[in-house]
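Summary of structural features
Chain residues, written in single-letter form:
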Amino acid sequence: MDKRVETDGQKPALTEADIRSIIIGIMLAMFLAALDQTIVATAMPTIGRELGDVTHLPWVVTSYLLASTAVTPLYGKVADIHGRRVTLLAGIVIFIVGSIACALASSLWLLVVARFVQGLGGGGLISMAQTIIGDMVPPKERGKYQVYIASVFFSSSLLGPVLGGVISEALHWSVIFWINLPLGLLAYLMTDKALKRLPRHERPHKLDVLGAGLMTSATVTLLLALSWGGVHYPWASVPILGLIGLSALLWIAFAIRLKTAEEPLIPLAILANPVVRMGTIAAGFGMGTFIGLTIYLPLYFETVAGLSAANSGMGLIPLTCGTVIGATASGRAMTLLKHYKRVPMAGLCIALIGTALLIAFAGRMSLIPFGVVLAVISLGFGTLLPVATVSIQNAVQPHQLGTTTATANFFRQIGGALIVAVFGAIVLGGIGAGSGVTAETLRTGTADRATMIMLFQYVFAATFAGFALALFFLARMQELPLRGRAIEAAKEIAGE
C-alpha cells in the first residue's frame, strides 16, 4: 500500500504514486520553458540568414525574456486566486499558441512578436511547478523533490544547444518550435488529469491591475536598458539613462501602489517576511552569478583556451552536472538535518575556493583541471537552490504559496539580468579604456589573449563577489524548523 502524504486541503491525502504522477506532468511543463531558452541559441544564425535579418536577432531572445520575467509574479497571484491547475494549464496553452506563431513566422519581427507571446506562457511554468510541489509535499520532505527541478534544467542545458543546432541544419529552424506542440499537448493532458487531485488553498482575492501594469512596465524598461546597454548604445547614452530613469520612477510608483492599494499585487507581509527577503536575495545573487558564468565561459574557452565554438559548449558540462549533484545532496540532507543551512553554507564556501583558483590561475590552467574546478564550483552552488526555495515556502501560509514563489522567482530573474549585464560590461571593456576590447573584436575572434585573460580575471572576481554575497545573505536568513505537515506549518506561522 502506498504511503500517504498528509496535506491541509479538504481532499483525501495524496499517495506517493499521486505525487509522482503530478510531478512527471509538471516537469514536462517546466521542460518546455527551460528547453526553449536553450534550443533557440544555436539556431539563431540559421534563423537570421533565412529570414534575412541578422542585425535584430537579439530581439528573438530579448522579447521572450521581457515577457516571461514581467508576468512571473502575475502567475503567482492568479494561482492564489483561481487555483494552480487552471493557471498552469493557461500557461501551457499560451505557450503552445506562441510556439505555433513562431513556427509560422515569415519575418524576423513577426518571430519577435510570437516569441513575446510565447514568453507570456513560459513565464509562469517554472514558478508554478515549484508552487505545486509546495502544495503537495510538507516542508520537511520538500527538498528532495526540488531535485527534480534541477534535473529539468540539467537535461535542457545539455539537450537544448545540441537539438537546436542539429534541427536547424538537418531539417528547418521552425521545427524547434513545432516540437513544442506534441510536448505541450502531452504536458496539458498529464497535468489536467493529475492536478484535479491537488489540495486547494485559493482564497477570494482581487487582482491589482494598476499595480500589475506598473510592475510590468518597470520590469520591461529595466530589461530593455540592460539588453541595449553596451551593445546598441553606450551605457552613459541618453536612451539608456532615460530607460533607467523611467524604470526607477515606475518602481517608485509601484512601491507607492503596494502601500496604498486595498489588496496589492504582492502583499506587504510577504515582502516584510525576513526569511523570504533574505532567501530571495541569497538565491538571486547565487543564481545570477551562475547564469553570468554560464553565458560568458564559452567566450573564455574560445579566446583563451583556443577551443572551437562547438567544443566550448561542451566545456560547460562540468558546470551543469555539478549543480544537479549539489542540489540532490542538499535536498536529501534537508529531510535529515535540523540545521539544514549548514550544507549550502559549506557548499558556497567550496564554490568560493574554486572561484579563487580561477582568479589565480586564469589562462594558466589546462582544460582538465579547469573542468574539475568548474565541477567543484557548481557542486557547491547547487546546494543553495533547494534550501532557498523550501525555506521561502516554509515561511508563508499555504494560500500565499503561489504569490511568494512567483515573487521570489521574479526577483531572481531581475537579479540574474543585472549580474549578466555587469559581466557583459566587464567583458566588453567596461573596466577601463585601456583594455582595447570591443564587441567587434570579440565577435571576430581577434581579441588579444593576454587582454582576455585579464578581463576574465575580473569576471571571476565578480563571480567570487556574487557567491560571497549569496553566502552573506544566506547566513542572515532565519533557519525555521521544517514542519512535517503543512497544516502545522500554517498554524505555527499564524501564531495559533
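Position numbers for residues start from 1 in each chain and track the written sequence from start to end. The model is predicted, so local features are restricted to residues of pLDDT at least 70 and side-chain atom pairs to those at 80 or more, both for listing and for counting; the totals for chains, interfaces and linings are taken over all residues. Side-chain metrics in this entry use all non-hydrogen atoms of the structure; hydrogen atoms and water are not considered.

Lines fitted to the C-alpha atoms define the axes, with helices restricted to the stretch that makes contact. Angles between their N-to-C directions range from 0 to 180 degrees. Numbering of helices and strands starts at the N terminus; helices are DSSP runs of H or I of at least 4 residues and strands are runs of E of at least 2. At a minimum axis distance of 9 Å, the contact between helix H12 (residues 274–303) and helix H17 (residues 384–394) shows a crossing angle of 155°. Relative to H17, the element H12 lies roughly antiparallel. Here the hand of the crossing between H12 and H17 comes out left-handed. Contacts between H12 and H17 involve Val275, Val276, Gly279, Thr280, Ala282, Ala283, Gly286 and Met287 from the first element and Leu384, Leu385, Ala388, Ser391 and Ile392 from the second. A breakdown of the residues in the contact of H12 with H17 according to their chemical character gives nine nonpolar, four polar and no charged. Throughout, the term roughly parallel applies to angles under 35 degrees, roughly antiparallel to angles over 145, roughly perpendicular to angles from 65 to 115, and oblique to all others. A clockwise turn of the near helix away from the far one marks a right-handed crossing, whereas an anticlockwise turn of less than a right angle marks a left-handed crossing. Here, two residues are considered to be in contact whenever any of their heavy atoms come within 4.5 Å of each other. Classification convention: Asp, Glu, Lys, Arg as charged; Ala, Val, Leu, Ile, Met, Phe, Trp, Tyr, Cys, Pro as nonpolar; all other residues, Gly among them, as polar.

Turning next to the packing of aromatic side chains. Stacked, tilted and edge-to-face are the three classes applied to pairs of Phe, Tyr and Trp rings, where Trp contributes its six-membered ring and a pair requires centres within 6.5 Å; stacked means planes under 30 degrees apart, edge-to-face means over 60, and tilted covers the rest. For the structure shown, the criterion picks out 14 aromatic pairs. Summarising the aromatic geometry, the rings of Phe285 and Phe473 are spaced 5.9 Å apart at their centres and angled 5° between planes, so their arrangement reads as stacked. Of this pair, Phe285 sits in helix H12 while Phe473 sits in helix H20 (residues 449–476); the two residues are 188 residues apart in sequence, bridging distant segments of the chain. Residue class for Phe285 comes out partly exposed when judged on its relative accessible area of 26%. Buried means the residue's accessible area, taken with a 1.4 Å probe over protein chains only, is under 20% of the maximum for its type, while exposed means over 50%, and partly exposed covers the values in between. For Phe473, a relative accessible area of 16% translates into the label buried.

Attention now goes to the packing of helix H16 (residues 367–382) against H17. The geometry of H16 relative to H17 is characterised by a closest axis approach of 5 Å and an angle of 15° between their N-to-C directions. The angle between H16 and H17 falls in the class roughly parallel. Between H16 and H17, the residues in contact are Gly380, Phe381 and Gly382 and Leu384, Leu385 and Pro386, respectively. A class-by-class count of the residues in the contact of H16 with H17 yields four nonpolar, two polar and no charged.

Right, let's talk about helix H15 (residues 342–361) for a bit. Multiplying 1.5 Å by the helix residue count minus one yields the expected span of that helix. In this model H15 runs 29 Å from its N-terminal to its C-terminal C-alpha over 20 residues, within 8% of the 28 Å that 1.5 Å per residue would give. Residues of H15 that are buried: Pro344, Gly347, Leu348, Ala351, Leu352, Gly354, Thr355 and Leu358. Summarising the contacts, the buried residues of H15 are in contact with helix H14 (317–334), H16, H17 and H20.

Along an α-helix, a turn takes 3.6 residues, which lines up residues three or four apart on a common side. For H16, which comprises 16 residues, the first-to-last C-alpha distance of 22 Å matches the rise-based estimate of 22 Å (1.5 Å per residue) to within 8%. For H16, the set of buried residues is Phe370, Gly371, Val373, Leu374, Ile377, Ser378, Gly380, Phe381 and Gly382. In the core, the buried residues of H16 are packed alongside H12, H14, H15, H17 and H20.

Just distances and angles here, no functional claims.
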